[in-house]
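Residue strings, one per chain:
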Amino acid sequence: MKKFWSYIKNDEYAVGCTGQTVWLFDSEGNVLSKFKDLPYAYLPVISPDGNILAVKTTEGRMAVYSLNERKLIKKFRYSKVDGAQDDNFCFSPDSRLIYNIERYPDDLTSRLSVYQTSDFSLVEHLLDDDKKTVLETIEYDNALKKYFLLGFERNKEGIAYKFFVSYLDGKSIGKRKYIPAKVCEFYREYISLKNFGFTEEAYRWSYFGDKEFPTGGKQKTLEELKEESYSLSELYHSCL
């Protein structure tokens with residue numbers, strides 16, 4: 001198999017991204033389509049209803065495909081910040097919305113943008129008034145029916161100094177629970193690796209590929225990480 005940066009699947013399809021090409025396979029591994037609409041396209045997400053594939057690039061663009069018709073639906077720039085767009089995104093559980101963490105208006109600040117999947121028009125920007133808070137990860141918990149957030153706060157000098165896990169409370173960030181920097185880094189990197197489908201390429205370039213396990217002890221292998229089940233909701237409820 002090709003060296004994919006990301007490789008994800010559901011019951012019907014599998015998707016692999018090399019950065020320049022998005023490969024679509026059926027459940028048997030047969031190639032259905034190849035898309036070359038955007039460079040630096042590494043992060044794919046399939047909608048919960050299985051009808052839509054969205055792929056985010058690291059240079060501020062997104063491509064959206066119909067899996068039923070196997071064609072491009074929409075291609076758009078979500079931020080003029082070209083680079084540093086490594087934060088993730090997710091669909092709403094009903095597949096009607098996309099929640100995308102975007103670096104804007106520069107690579108030191110962020111916002112959470114919401115797009116409707118009927119036409120992929122912008123619904124609203126959230127959390128863009130607080131320039132000291134930077135979001136890095138969003139994850140939806142189906143059991144709790146809540147979006148959880150991971151990020152940090154900058155001090156007056158612009159240095160990251162307080163790290164937190166929280167949840168989306170309407171249009172605001174809910175109660176923040178502050179965590180050590182190493183814990184924040186671990187969960188960010190683990191969820192990123194999970195979103196990439198635990199590929200060898202993503203592991204090799206990740207936090208886990210060249211650093212010690214943050215809580216001490218031996219470094220975890222890719223196979224060991226695949227057996228874990230860390231989540232932001234678990235982290236939030238484990239914090240005092």
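Up top is the structure these notes are about.
Residues numbered from 1 in each chain as written. Predicted model: local features only at pLDDT ≥ 70, side-chain atom pairs only at ≥ 80, totals over all residues. Heavy atoms only, no water.

### Section: unusual backbone geometry
Turning to step 1, where the next piece is worked out: Of the consecutive residues Tyr104 and Pro105, the connecting peptide bond is found in the cis state with omega at 0°.
Turning to step 2, where the next piece is worked out: You can see Pro105 is positioned in the loop between strand S10 (97–103) and strand S11 (110–116).
Turning to step 3, where the next piece is worked out: Although it is not a glycine, Ser95 adopts a positive phi angle of roughly 70°.
Turning to step 4, where the next piece is worked out: Mapping Ser95 onto the fold places it in the loop between strand S9 (89–91) and S10.
Turning to step 5, where the next piece is worked out: Residues other than glycine seldom take positive phi values, yet Phe120 does so here, at roughly 60°.
Turning to step 6, where the next piece is worked out: Owing to a relative accessible area of 5%, Phe120 belongs among the buried residues under this scheme. (Helix = DSSP H or I, 4+ residues; strand = E, 2+ residues; numbered from the N terminus. Buried < 20%, exposed > 50% of the residue type's maximum accessible area, 1.4 Å probe, protein only.)

### Brief notes about the sheet that holds strand S1 (residues 6–9)
Turning to step 1, where the next piece is worked out: Reading across from one edge, S1-S2-S3-S4 is the order of the 4 strands in this open sheet, with antiparallel pairing throughout. Since the sheet does not close on itself, it has two edges, and those belong to S1 and strand S4 (31–35), each with one partner. Taken over all neighbouring pairs, the strand axes of this sheet differ in orientation by 15° on average, direction set aside.
Turning to step 2, where the next piece is worked out: Here 4 bridges tie S1 to strand S2 (residues 13–17), and the two strands are oriented antiparallel to one another. Looking across to S2, one finds that Lys9 is bridged to Ala14. (Pairing = 2+ DSSP bridges. Axes fitted to C-alpha atoms, helices over the stretch in contact; angles between N-to-C directions.)

### Focus on the packing of aromatic side chains
Turning to step 1, where the next piece is worked out: For the structure on display, the rule yields 22 aromatic pairs.
Turning to step 2, where the next piece is worked out: Ring geometry for Phe186 and Tyr187: centres 5.5 Å apart, planes at 85°, overall edge-to-face. Here Phe186 matches Tyr187 in class, with each residue buried.
Turning to step 3, where the next piece is worked out: Members of the aromatic cluster, joined through ring pairs, are Phe186, Tyr187, Tyr190, Phe198, Tyr207, Phe208 and Tyr230.
Turning to step 4, where the next piece is worked out: Here Lys162 stacks its cationic end above the ring of Tyr178, 4.2 Å away from the centre of that ring.
Turning to step 5, where the next piece is worked out: Its end group placed over the ring of Phe164, Arg176 keeps NZ or CZ at 4.7 Å from the ring centre. (Phe/Tyr/Trp six-rings, centres within 6.5 Å; stacked < 30°, edge-to-face > 60°. Lys NZ or Arg CZ within 6 Å of the ring centre and 35° of its normal.)

### Some points on the pattern of salt bridges
Turning to step 1, where the next piece is worked out: Taken as a whole, this structure holds 14 salt bridges when the rule is applied.
Turning to step 2, where the next piece is worked out: Lys171 is the salt-bridge partner of Glu124, the closest N and O atoms lying 3.2 Å from each other. With a gap of 47 residues between them, Glu124 in strand S12 (residues 122–126) and Lys171 in the loop between strand S15 (160–169) and strand S16 (172–173) connect regions that are remote in the sequence.
Turning to step 3, where the next piece is worked out: With a shortest N-O distance of 2.9 Å, Glu201 and Arg204 are connected by a salt bridge. Linking Glu201 with Arg204, this pair stays in helix H2 (residues 200–204), spanning 3 residues, or about one helical turn.
Turning to step 4, where the next piece is worked out: Counted as one network, the salt bridges with shared partners bring together Glu59, Arg61 and Arg77. (Salt bridge = Lys/Arg side-chain N within 4 Å of Asp/Glu carboxyl O.)

### Focus: the pairing of S15
Turning to step 1, where the next piece is worked out: With 7 bridges connecting them, strand S14 (residues 146–154) and S15 associate as antiparallel partners. Among the inter-strand pairings, Leu149 is bridged to a residue of S15, identified as Ser166.
Turning to step 2, where the next piece is worked out: With antiparallel pairing between neighbouring strands as the criterion, S14 and S15 make up a hairpin whose turn holds 5 residues, including Gly158 at a positive phi of roughly 85°.
Turning to step 3, where the next piece is worked out: Two elements, S15 and strand S17 (residues 177–179), share 3 bridges in a ladder whose sense is antiparallel. Within S17, the position partnered with Phe164 by the bridge is Tyr178.

### Focus on helix H1 (residues 181–195)
Turning to step 1, where the next piece is worked out: Helix length check: H1, at 15 residues, gives a terminal C-alpha distance of 21 Å against a target of 21 Å (1.5 Å per residue), a fit within 8%.
Turning to step 2, where the next piece is worked out: Burial in H1 covers these residues: Cys184, Glu185, Phe186, Tyr187, Glu189, Tyr190, Ile191 and Leu193.
Turning to step 3, where the next piece is worked out: Immediately downstream of H1, the backbone of Gly197 shows phi near 85°, a positive value. (Expected span 1.5 Å × (residues − 1).)

### Quick word on the pairing of S1
Turning to step 1, where the next piece is worked out: Covered by surrounding structure in S1 are Ser6 and Ile8 only, the residues Tyr7 and Lys9 on the alternate face being uncovered.
Turning to step 2, where the next piece is worked out: Here S1 folds back onto S2 in antiparallel fashion, the turn holding 3 residues.

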